[in-house]
Amino acid sequence: MSLTQLIKYIKKFGPLVLLGTIIFFILFYSIRVALILNKNKQGANIVLNPVFGKLTKPEIPISTTSAGFKFQIDTIEGKPVTATKSANVYSLLPTSTKFGYRDRISKMAKQLGFADTNTYSLLGDTTTFQNDSQSLEIKISNFNFKYLYQYEKDTDLFIRSIIPTAQESVNNSISLLQSLDRFPNEFDSASSLTNYFFFNVDKKLIVPVARNIDANIVEVNFFRKNIEDVPTVSSKFPNSNSFVRLASSSREFVPIEIQVNFFERSLDKIGAYPLITGDVAFESLKKGEGIVLLNSNPDNKNITIKKMYIAYFEPDVYMGYLQPYYVFEGDGFTAIVYAISPEYQEE
């Protein structure tokens, strides 16, 4: 084909090819937009399953409400976010006295170094082992427990303190809880929070430090695994209700404080409840209806919210259900707002 013929064909069919290309892209993007709109329409039709009836708002010990603060939003979206229109609600397994609890609590006490594992007090559902340097409280209804070692009296413990890496601390903490048969399946061993402290033996004062090489005490916090990508928060945010504190010395790891305060959830019955919107949650926060979990600068009353998401509140006492909250985070500040829609709340 000669150049003259090629130019002739281009002049003849070029406009048709160009028109066809334009039509193709118009159709292509029209289909994409239609699919997106259909997806959004389907997402609007949420499926509810309020099997637990109206829910009682959890009673959270309040040290500070969000009243008295001034809030503004500076998130990526630039406005309050509604991540989902509904969320699951989970029943927490009821607590009741466990058959054969005596053998189990005696094994736990022995593992923690109690010489006399047959002598303990029982008040309600709480057993207490006590000696001159240790105390151990165990709930016989679910085996949640709290252990304390009076390390202040054991000054030799800190003569040669060597704190290992965060991962070594996590591994040792997991092994310790597993030896006590109290490392729940729902704990996320891959996600934990490690804090370091220095205990001044002379002043009997413990202070947080940033690095393990400056510490003689390490604390490992354990959290529930994310539930369908939804995390949990507790009143001790950013820490957990379940943690292990260890001192490391020439005597290797010595547990000085342990707490497991965790309630397993039932998967037999799962509810699905509507949530308030992000806008409504933010207005509730501004009205003073939020609960402040963290405020590292109490003098600052002007808070910029930089992150907003849904999380389940992890109770430290039995509350019946695991329920969703909106979480608002700023610099050194975290507050939560109850997320269940009002029509499904018990008066």
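Below or above, wherever it landed, is the structure these notes cover. Residue numbering note: each chain is counted from 1, following its sequence as written. In keeping with the model being predicted, local features are shown solely for residues with a pLDDT of at least 70 and side-chain atom pairs are shown and tallied solely at 80 or more, while totals for entire chains, interfaces and linings include all residues. The side-chain numbers reported here are obtained from all heavy atoms of the structure, hydrogens and water having been left aside.

## Focus on the nonpolar core
Core analysis: the biggest nonpolar cluster contains 45 residues, and Val233, Ile305, Tyr326, Phe328 and Ile336 have the highest contact counts within it. Mapped onto this core, the elements with two or more residues apiece are β1 (70–73), β2 (86–92), α4 (278–286), β14 (291–295), β15 (302–305), β16 (307–313), β18 (324–330) and β19 (333–338). Only DSSP runs of H or I covering at least 4 residues are called helices, and only runs of E covering at least 2 are called strands; the numbering of each starts at the N terminus. Here this core takes six residues from β16, the largest share from any one element. Contact criterion: two residues are considered in contact whenever any of their non-hydrogen atoms come within 4.5 Å of each other. With residues near it in sequence (within four places) discarded, valine 233 still touches Leu293, Tyr309, Ala311, Tyr312, Phe313, Glu314, Val327 and Ile336. In this description, a nonpolar core means a group of buried Ala, Val, Leu, Ile, Met, Phe, Trp, Tyr and Cys residues linked to one another through side-chain atoms lying within 4.5 Å. Under the scheme applied here, a residue whose accessible area is under 20% of the maximum for its type counts as buried, over 50% as exposed, and between as partly exposed, the area being computed with a 1.4 Å probe on protein chains only. Leu112, Tyr149, Ile217 and Val254 belong to the second-largest nonpolar core, a separate cluster that totals 41 residues.

## Considering the packing of aromatic side chains
Ring pairs are drawn from Phe, Tyr and Trp, using the six-membered ring of Trp, whenever the two centres fall within 6.5 Å, and their geometry is named by plane angle: stacked under 30 degrees, edge-to-face over 60, tilted for the rest. Following the criterion strictly, the structure yields 20 aromatic pairs and no others. Between the aromatic rings of phenylalanine 71 and phenylalanine 333, the centroid separation amounts to 5.7 Å while the plane-to-plane angle is 55°, which identifies the pairing as tilted. Highlighted residues: phenylalanine 71 in strand β1 and phenylalanine 333 in strand β19, separated in sequence by 262 residues. Considered together, phenylalanine 71 and phenylalanine 333 belong to a single accessibility category, that of buried residues. Members of the aromatic cluster, joined through ring pairs, are Phe114, Tyr120, Phe129 and Tyr147. Here, a charge over a ring is recorded when the distance from Lys NZ or Arg CZ to the ring centre is within 6 Å and its angle to the ring normal is within 35 degrees. In this structure, arginine 265 is placed above the aromatic ring of tyrosine 90, and the distance from its NZ or CZ to the ring centre is 4.6 Å.

## Remarks on a nonpolar patch on the surface
A patch is a set of surface residues, each over 30% in relative accessible area and not in a salt bridge, joined within 9 Å for like charges and within 5 Å for the nonpolar side chains Val, Leu, Ile, Met, Phe, Trp and Tyr. For accessible areas, the Shrake-Rupley method is used with a probe of radius 1.4 Å. Any residue's cover is judged against the shown protein chains and nothing else. Each reported salt bridge corresponds to a side-chain nitrogen of Lys or Arg within 4 Å of a carboxyl oxygen of Asp or Glu. The grouping of Phe198, Leu205 and Val207 at the surface amounts to a nonpolar patch, some 230 Å² of accessible area in total. Its location among the elements puts leucine 205 in strand β8 (residues 205–209).

## A few points about the sheet that holds β8
Criterion used throughout: strands pair if DSSP finds at least two bridges between them. One open sheet holds the nine strands; their spatial order is β3-β4-β5-β6-β12-β11-β9-β7-β8, and the pairing between them is antiparallel. The outermost strands of the open sheet, each flanked by one partner alone, are β3 (121–123) and β8. Strand-to-strand twist across the sheet, computed as the mean angle between neighbouring axes with direction ignored, equals 25°. With five bridges connecting them, strand β4 (residues 126–130) and strand β5 (residues 134–139) associate as antiparallel partners. Note on β5: the bridge partner recorded for glutamine 130 is serine 135. Across the sheet, helix α2 (residues 101–111) touches β3, β4, β5 and β6 (145–149), and the angle it forms with β4 is around 35°. To obtain each axis, a line is fitted to C-alpha atoms, and for helices this fit is confined to the stretch in contact; angles are then taken between N-to-C directions over 0 to 180 degrees. Helix α3 (residues 166–179) rests against β6, β7 (187–200), β9 (217–224), β11 (242–249) and β12 (252–260) of the sheet, and its axis sits at about 65° to β9.

## Describing the pattern of salt bridges
Scanning all chains against the criterion turns up 11 salt bridges. Between aspartate 125 and lysine 139 there is a salt bridge, with its nearest N and O atoms 3.6 Å apart. Residue aspartate 125 is located in the loop between β3 and β4, and its partner lysine 139 is located in strand β5; the two are separated by 14 residues in the primary sequence. Overall, aspartate 125 belongs to the partly exposed group, its relative accessible area being 27%. Relative accessible area serves as the criterion here: at 34%, lysine 139 is assigned to the partly exposed category. The closest approach of N and O atoms between glutamate 314 and arginine 224, which form a salt bridge, is 2.5 Å. Of this pair, glutamate 314 sits in the loop between β16 and β17 (321–322) while arginine 224 is found in strand β9, placing the two residues 90 residues apart along the sequence.

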